[in-house]
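# Structure assessment
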Amino acid sequence: MSSRASCLLLALLLGACSSTPIQQSNTAQPIVNQADDAATEARYSQNLSALLNQVSQAQEIPLQTLENGFLDAKTIPSIRKLVLPPSGTFKKNWLAYRKRFIEPVRLRAGKAFWEENQAFLTQVEQNSGVPAGIIVAIIGIETIYGRQTGSFRVKDVLSTLAFSYPDTPNKPAREQLFKDQLQELILMCWTEAGGKLPAKNNTQGLNTTRFNTCLNQNSSYAGAIGLPQFMPSSIRNFAVDGDGDGRIDLKQSPKDAIASVANFMKNHGWQAGMPISFPVQENAMPIAKQLADGEPQLKYSVAELIEKGILLPSQGDLQRGGVEPQSKALIVDLPYPDKDGTDQAQYFVGLNNFLTIVQYNRSYFYAQSVAEFAEALGYKNQSVVPVETTMKAEDQKGATEKSKNKSTKKSTAKKKSKTS
């Protein structure tokens, strides 16, 4: 897979910023059925009914309750257009992408968000090992701290993409992904509303109004929810109750969002105290270009890249802000056209934490933007290695030298005393 293709992938599993920012709406969006034709609508209804039957049987949930929750579910044609791949003439532009997200409005909002939640961010960083700057950067890039969380009804989004995905080469895989997410949404809303799984064919403890409200909540055009833009599966698996009020609310609770982002990153392999990426040395650009194959895999050791001149020796030294020489890395290319339309690229060495961010949103552009956004907020992209052992060793050495000097002085003094 090329890096360009990698950068084009939407973070369908987790949530991503859309190419055209969606303004948040406080009112329910009018749902108008604009299916291509009657046959398409019939297939949509039939497939949705089949999925509801499947969930009902698997989890022993009363089918009537599920059907009632989806009585007004509709396809949204505009969403089908939003998920279409770019035209063949489209050129990826890293510089334009970066400019869209690392800009004054988000940075000011990021500093304010950090200041407002500083104590909790510090606590989460200490507990999870995920830097506060990274958490703040992710939420800022995703939704500008809740300003742009999407205005589409989530059950319509997921059912549209599950049963009426546009004709693209990856249509079967995409539809299956959204079918899975639609099932995750149902189970998430069921438990949020007080229902048990398996339900044992009753609605004991279920708040039906809350169940339907959950199904009807706003999301992005890909079905991502709340400040951190989590897909339903990520909410079920990684979202946590940060503010301790007994429920998870990624839309209104900054603490829940902060703790959930940290939990996701930790569970996807974030290495505490380690950098994200290093710039490639200018004179090694041709070599980096050859090694940048676009595959999101850590293939090269830092020692190898130092030997090739791609990295500096200090970047393989933990105590100098680097990583261990045997650490693995990959070459990341971020393409852009210059003013004449000629293809250019910036190159970086991505480390383990770079790929952890890619797990959040499957785009190299996104991962490097998070890193640079965090740096603009004050995050230090270097290793944070405890130096206590080194200091103790130096202190011990100094103490030994002092002890020797004292002994020598005493011995000399005694000799002089004897001589006199």
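Structure: above.
Anyway, here's the lowdown on the structure attached to this text. Predicted model only: the values in this text are computed from it and were never measured.

### Notes on unusual backbone geometry
- Backbone torsion omega between Leu197 and Pro198 reads -10°, so that peptide bond is classified as cis.
- Residues other than glycine seldom take positive phi values, yet Lys200 does so here, at roughly 60°.
- On the basis of relative accessible area, Lys200 is assigned to the exposed category, the value being 56%.
- One non-glycine residue, Gln229, lies in the positive phi region at around 55°.
- Within the secondary structure, Gln229 sits in the loop between β2 (218–219) and α12 (232–238).

### Details of the sheet that holds strand β6 (residues 343–350)
- Across the sheet, 4 strands lie side by side as β3-β6-β5-β4; this open sheet has antiparallel pairing. If you trace the sheet from one side to the other, it starts and ends with β3 (277–279) and β4 (300–301), each paired once.
- By the bridge criterion, 8 bridges tie strand β5 (residues 328–337) to β6 in an arrangement that is antiparallel. Directly across from Pro335, in β6, lies its bridge partner Ala345.
- Here helix α5 (residues 94–101) sits on the sheet in contact with β5 and β6, set at roughly 95° to β5.
- In the packing of helix α17 (residues 364–377) onto the sheet, contacts are made with β3, β5 and β6, and the angle to β5 comes to roughly 100°.

### What to know about the pairing of β6
- Across 3 bridges, the pairing between β3 and β6 is antiparallel. In the sheet register, Ser277 faces β6, and the bridge partner there is Gly350.
- From the end of β5 to the start of β6, which pair antiparallel, there are 5 residues, and Gly341 there has a positive phi angle of about 85°.

### Thoughts on the state of the cysteines
- Counted according to the given criterion, the structure contains 1 disulfide.
- Disulfide pairing places Cys189 opposite Cys214 at an S-S distance of 2.1 Å. The chirality of the disulfide connecting Cys189 with Cys214 is left-handed, given an S-S dihedral of about -70°. Of this pair, Cys189 sits in helix α10 (residues 171–192) while Cys214 sits in helix α11 (residues 208–215), and the two are 25 residues apart along the sequence.

### Brief notes about the pattern of salt bridges
- In total, this model carries 11 salt bridges according to the counting rule given.
- One salt bridge in this structure joins Arg247 and Asp249, with 3.8 Å as the shortest N-O distance.
- Judged by relative accessible area, Asp249 falls into the buried class, the value being 11%.
- Glu295 serves as the salt-bridge partner of Lys299, at 3.0 Å between the closest nitrogen and oxygen.
- For Lys299, a relative accessible area of 30% gives the class partly exposed.
- Among the charged side chains, a network of salt bridges with common partners joins Asp72, Arg153, Lys155 and Asp156.

The rules we used
- Residues numbered from 1 in each chain as written.
- Predicted model: local features only at pLDDT ≥ 70, side-chain atom pairs only at ≥ 80, totals over all residues.
- Heavy atoms only, no water.
- Buried < 20%, exposed > 50% of the residue type's maximum accessible area, 1.4 Å probe, protein only.
- Helix = DSSP H or I, 4+ residues; strand = E, 2+ residues; numbered from the N terminus.
- Pairing = 2+ DSSP bridges.
- Contact = heavy atoms within 4.5 Å.
- Axes fitted to C-alpha atoms, helices over the stretch in contact; angles between N-to-C directions.
- Disulfide = S-S within 2.5 Å.
- Salt bridge = Lys/Arg side-chain N within 4 Å of Asp/Glu carboxyl O.

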